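What the coordinates show
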Amino acid sequence: MLCRKLLAATAIALMSVPAFAAENITWWDFFSGGDGVRMKALITRFNAEHPDIKITGTTLEWGVPFYTKVRTAVAVGQGPDMMTYHLSRMPLGLKEGVLDEITDKDLADAGLTKDSFFPAAVEAASGDDGKLQAVPFDIHSIVLYYNTKFLEGSKFLDANGKLTGINNLKDFEEALAYAKEKGAEAPVSYATGDDGATYRVFYTLFRQLGGELITGNEVLAGDNLQKAAKAIEVMTNWQTNEWQPEQAEYEASVALFTSGKSAFSLNGVWEVPTMVDLEKKGSLGYKWGAVQVPNLMGTQTTWADSHAFAIPANNKLTPEKRRAVMTVIGWMEKNAIAWADAGHIPAFKPVAESAEFKKMEPNATYAALAETASFDPRSSIAGVGSPIYDAAINIISPAIHGYAEPLAAAEQMKSDLQNVLK
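Residues numbered from 1 in each chain as written. Predicted model: local features only at pLDDT ≥ 70, side-chain atom pairs only at ≥ 80, totals over all residues. Heavy atoms only, no water.

**Some remarks on the overall build of the protein chain**
- Each helix and strand counted, the protein chain has 18 helices and 14 strands in total.
- Computed over the C-alpha atoms, the radius of gyration of the protein chain is 24 Å, within 12% of the 22 Å expected from 2.2 N^0.38 for a compact globule of 422 residues.
- Dimensions along the principal axes, computed over C-alpha positions, put the protein chain at roughly 100 × 55 × 35 Å.
- Going through the 422 residues of the protein chain one by one, you find that 55% of them count as buried.
- Roughly 18100 Å² of accessible area belongs to the protein chain as shown, and the carbon and sulfur atoms make up 53% of that amount.
- The positive charge centre, built from 38 side chains, and the negative charge centre, built from 51, are 7 Å apart in the protein chain. (Helix = DSSP H or I, 4+ residues; strand = E, 2+ residues; numbered from the N terminus. Rg over C-alpha atoms; globule rule 2.2 N^0.38 Å. Buried < 20%, exposed > 50% of the residue type's maximum accessible area, 1.4 Å probe, protein only. Areas by Shrake-Rupley, 256 points an atom, 1.4 Å probe, with all protein chains shown as cover. Lys, Arg positive; Asp, Glu negative; His and termini not counted. Charge placed at Lys NZ, Arg CZ, Asp CG, Glu CD.)

**A short note on the nonpolar core**
- Among the nonpolar cores identified, the biggest contains 80 residues, and Trp-27, Met-39, Val-328 and Met-332 are the most heavily contacted of them.
- With seven residues, helix α12 (residues 319-334) is the single largest residue contributor to this core.
- Not counting the four nearest positions on each side in its chain, Trp-27 is found in contact with Met-39, Ile-43, Ile-55, Thr-56, Gly-57, Thr-58, Met-82, Thr-84, Phe-309, Val-328 and Met-332.
- Counting 59 residues, the second largest nonpolar core, distinct from the first, contains Ile-142, Phe-172, Val-234 and Ala-399. (Core = buried A, V, L, I, M, F, W, Y, C linked by side-chain atoms within 4.5 Å. Contact = heavy atoms within 4.5 Å.)

**So, the pairing of strand β9 (residues 264-268)**
- Summarising burial for β9: five of the five residues are buried, a large majority.
- Of the strand pairs in this sheet, strand β6 (residues 188-189) and β9 are connected by two bridges, and their pairing is parallel. The residue bridging Ser-189 from the neighbouring strand is Ser-265, located in β9. (Pairing = 2+ DSSP bridges.)

**So, the packing of helix α9 (residues 224-240) against helix α17 (residues 387-400)**
- One can describe the packing of α9 onto α17 by two numbers: an axis separation of 8 Å at closest approach and a directional angle of 45°. Comparing their axes, α17 and α9 come out oblique. For the pair α9 and α17, contact is made by Ile-232, Met-235, Thr-236 and Gln-239 and by Ile-396, Ala-399 and Ile-400, respectively.
- Along the lines of polarity and charge, the residues of the contact of α9 with α17 split into five nonpolar, two polar and no charged. (Axes fitted to C-alpha atoms, helices over the stretch in contact; angles between N-to-C directions. Parallel < 35°, antiparallel > 145°, perpendicular 65-115°, else oblique. Nonpolar A, V, L, I, M, F, W, Y, C, P; charged D, E, K, R; others polar.)

**What about the pattern of salt bridges?**
- In this structure the tally under the stated criterion is 13 salt bridges.
- As a salt-bridge pair, Arg-322 and Asp-100 come within 3.0 Å of each other at their nearest N and O atoms. Taken as a pair, Arg-322 in helix α12 and Asp-100 in the loop between α4 (90-96) and α5 (104-110) lie far apart in primary sequence, 222 residues in all.
- Exposure remark for Arg-322: the relative accessible area of 18% places this residue in the buried category.
- Judged by relative accessible area, which is 23%, Asp-100 ranks as partly exposed.
- Here the salt bridges do not stand alone but share partners, grouping Asp-100, Asp-106 and Arg-322 into one network. (Salt bridge = Lys/Arg side-chain N within 4 Å of Asp/Glu carboxyl O.)

**Digging into the sheet that holds strand β2 (residues 53-59)**
- With respect to topology, five strands assemble into an open sheet ordered β2-β1-β3-β12-β4, the strand pairing being mixed. The open sheet is flanked by β2 and β4 (135-136), the only strands paired with a single partner.
- With two bridges joining them, strand β1 (residues 23-29) and strand β3 (residues 82-86) adopt parallel strand pairing. Each bridged residue has a counterpart across the sheet, and for Trp-27 the counterpart in β3 is Met-82.

**A short note on the packing of α9 against helix α18 (residues 406-421)**
- As a packed pair, α9 and α18 sit with axes 8 Å apart at the nearest point and diverge in direction by 130°. Viewed along their axes, α9 and α18 adopt a mutual orientation that is oblique. Along this stretch, α9 crosses α18, giving a crossing that reads as right-handed. Contacts from Leu-225, Ala-228, Ala-229, Ile-232, Glu-233 and Thr-236 of α9 reach α18 at Pro-406, Leu-407, Ala-409, Ala-410, Glu-411 and Lys-414.
- When grouped by side-chain class, the residues that make up the contact of α9 with α18 number eight nonpolar, one polar and three charged. (Left-handed = near helix turned anticlockwise from the far one by under 90°.)

Right under this line is the structure:
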């Protein structure tokens, strides 16, 4: 009888012990479309593999609204446990004090080191003091997409139908002229009426000229003004020759290429899934490829940015939760091959250098750009949704459509941005 009572008491005591509580990680991101689908799938996989950690994700509006929300939430101590972040916004994030340092111990808890990542991404993720403020997840850039239909019979396709022979601006413009003769409606398509696309093409040409947009506290110092004018002049020349679409919004610029009306497209790696899906469906109608933007102006480099993982400041994380956050980040980095499927280049070198990634096309073809990427200037007026993007749509885009001379546009850009920088 006594034994039965003891057993019953033990059972009741065990029933009163609470179940093991997983660390709940509050996560904010800005991923929509294909990126959003892939990230949600990664979160689902992580949660399934980690019963002791649960990610509760929320997707917010991309761009300025996201960063405004972060700033407000951090100010009142109600930010998430972790979030995604554009490295181009790093200088502004540091100025606003919204980012917590990622220490060497944090990296160790994630099974990572700084040497695990491409140097350009680590530099972009660090403050001027060298302290890491975010963990790079990818490197995404513009690339040169091409439609072989308009290049057949030219020196610009090799025996395997791959793009070749574009080694400078003269070669590229010769290819554009050839494509025009072959019936291309817009030999090179990009969103000439969009701030982001206009800026990315401008910045690529400008950086290939060796330009520095911001030096110290000065915009377009010295001969950088002439280099900016030269980049705008090149884009204006493409417009004058009717090689690029006029005032094209982003969706229209993509449609020109996917519908087979353009020979080339200067667009982000994030459109690779669009091309792959259309090809699989058999609705593309032509063979295509994508390569690193060629060295048109004298230096091999391309505009680039990175999605990264960050821990908001004023987060009040317990040591246990912070370790859980770093476990999430480490797992995401080591499983980034699923993210590369969206066209991105993994910032985590063991994945970028893996046999699996090297079989992934066209990613592997343009992956070398990670070594020569040009991130935005380290300035609080640069990055996604910044005054520099405003200058692209308000000054550069009108100029390439003939509403201002290239040098006058560069001077206006210098003046406007200098006023903001002060």
